[in-house]
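Examination of the molecular architecture
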Amino acid sequence: MKIVVCIKQVPDTKGGVQFNPDGTLNRGAMLAIMNPDDKAGLEAALKLKDEYDAEVTVLTMGLPKASDVLREALAMGADRGILLTDRALGGSDTWATSTAIAGAIRNLTYDLIITGRQAIDGDTAQVGPQISEHLGIPVISYAQDIKIEGDSVLVERQYEDRHHLIKAKMPCLLTALSELNQPRYMTPGGIFDACEAEIETWGRADLKDVDDANLGLKGSPTKIARASDKVRKGAGEMVNLETEEAVTYIMGRLKEKHII
Ligand code: FAD
């Protein structure tokens, strides 16, 4: 079994988001980490490696320093790391990102592709499903539990207030939630090996069946009009009720929105 895990290096947004004066993210001012959903996806792949002797390839697209997350993944137990980096890919939106990643994956053999549900910086949750569209394979999003049954994958999918149990023939793409598992720590031996391991560096020339018109800033249909870290608050709602009625009302509204 062969598994490709897409991992993104993201700024750690726990300490707040820093912007440049032009509205773009000031990535240099924030610590760079492996996107949490991707780490859970990697752990799921490593569990399948433990169980079925699967081969796990990790792939990231980004600046050369994104190789740090690949080394972290190798230290956790991944077998192969591929860094996709090229000036031609700079300024990519989700469409251009997924086009490039799919172009890279076309060079690999795989039964499963695992991405995170969502990156904590871009937050769109589009890249995983878009990769599956480009490759013409099924996608199961929001995976909470993953089992292999012959040539199929059985996935428990989180869906607001319920779960779906979905079976799909492999090859298939899954998007993982950080709630999926508790990612393992890197081992000291793994860290030493990962420091010396070769990270393959791929560029534009390595992308298969991809048109230049769909890459980089020029190939990105999305434009950022404005960015801000100010969260706008709605006007709110005032109700004038007795205590018991107020409690019933609030409980009803919270249930309506699936918060409780
Ligand atoms: P999501 O769709 O939320 O991610 C879902 C999953 O897809 C992730 O969990 C991960 O598994 C996988 N994934 C996503 N991105 C990658 C990746 N790069 N490598 C491997 N796996 C991945 N960002 C920049 O860093 N540099 C730029 O120059 C830049 N320019 C932009 C220009 C425009 C006009 C726009 C709109 C965006 C730009 N971005 C840039 C942001 C960039 O488009 C997104 O970060 C990227 O497309 C991923 O989207 P997302 O973060 O919403 O990921």
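I will try to describe carefully the structure that is included in this document. These numbers come from a predicted model, not from an experiment.

What counts and what doesn't
- Residues numbered from 1 in each chain as written.
- Predicted model: local features only at pLDDT ≥ 70, side-chain atom pairs only at ≥ 80, totals over all residues.
- Heavy atoms only, no water.
- Near = heavy atom within 4 Å.
- Polar contact = N/O pair within 3.5 Å; in protein donor to acceptor, adjacent residues only side chain to side chain.
- Areas by Shrake-Rupley, 256 points an atom, 1.4 Å probe, with all protein chains shown as cover.
- Helix = DSSP H or I, 4+ residues; strand = E, 2+ residues; numbered from the N terminus.
- Axes fitted to C-alpha atoms, helices over the stretch in contact; angles between N-to-C directions.
- Left-handed = near helix turned anticlockwise from the far one by under 90°.
- Contact = heavy atoms within 4.5 Å.
- Nonpolar A, V, L, I, M, F, W, Y, C, P; charged D, E, K, R; others polar.
- Buried < 20%, exposed > 50% of the residue type's maximum accessible area, 1.4 Å probe, protein only.
- Pairing = 2+ DSSP bridges.

**Quick notes on the site of the ligand**
Inspection of the region around the ligand gives 29 residues, with Lys8, Asp38, Ser92, Ala119 and Thr124 positioned closest. One nitrogen or oxygen atom from the main chain of serine 92 is found 2.6 Å from an oxygen atom belonging to the ligand. Here an oxygen atom of the ligand and a side-chain polar atom of threonine 97 are 2.9 Å apart. Burial of the ligand by the surrounding chains reaches 82%, relative to a free accessible area of 950 Å². Breaking the shell around the ligand down by element, the ones donating at least two residues are strand S4 (55–61), helix H3 (94–105) and strand S6 (112–116).

**Overview of the packing of helix H1 (residues 36–52) against helix H2 (residues 67–76)**
Two elements in contact, H1 and H2, have axes whose closest approach is 11 Å; the angle formed by their N-to-C orientations is 30°. As H1 packs across H2, the resulting crossing turns out to be right-handed. Touching Lys39, Leu42 and Leu46 of H1 are Glu72, Ala73 and Met76, all from H2. A per-class count over the contact of H1 with H2 returns four nonpolar, no polar and two charged.

**Thoughts on the environment of threonine 99**
Inspection of the secondary structure assignment puts threonine 99 in helix H3. Taking the relative accessible area as the measure of exposure, threonine 99 reaches 7% and is therefore buried. Sequence spacing of threonine 99 and valine 10 is 89 residues, and the spatial spacing of their C-alpha atoms is 20 Å. In this view, threonine 99 contacts His134, Val210, Asn214 and Leu215; residues no more than four positions away in its chain are not counted.

**Overview of the sheet that holds S6**
Strand order in the open sheet formed by nine strands is S9-S8-S7-S10-S6-S1-S4-S5-S11, with mixed pairing between adjacent strands. Edge strands, defined here as strands with exactly one partner in the open sheet, are strand S9 (162–169) and strand S11 (199–202). Here the average twist between neighbouring strands, direction ignored, is 30°. Pairing of strand S1 (residues 2–6) with S6, which is carried by three bridges, proceeds in the parallel orientation. Paired with valine 4 across the two strands is isoleucine 113, which belongs to S6.

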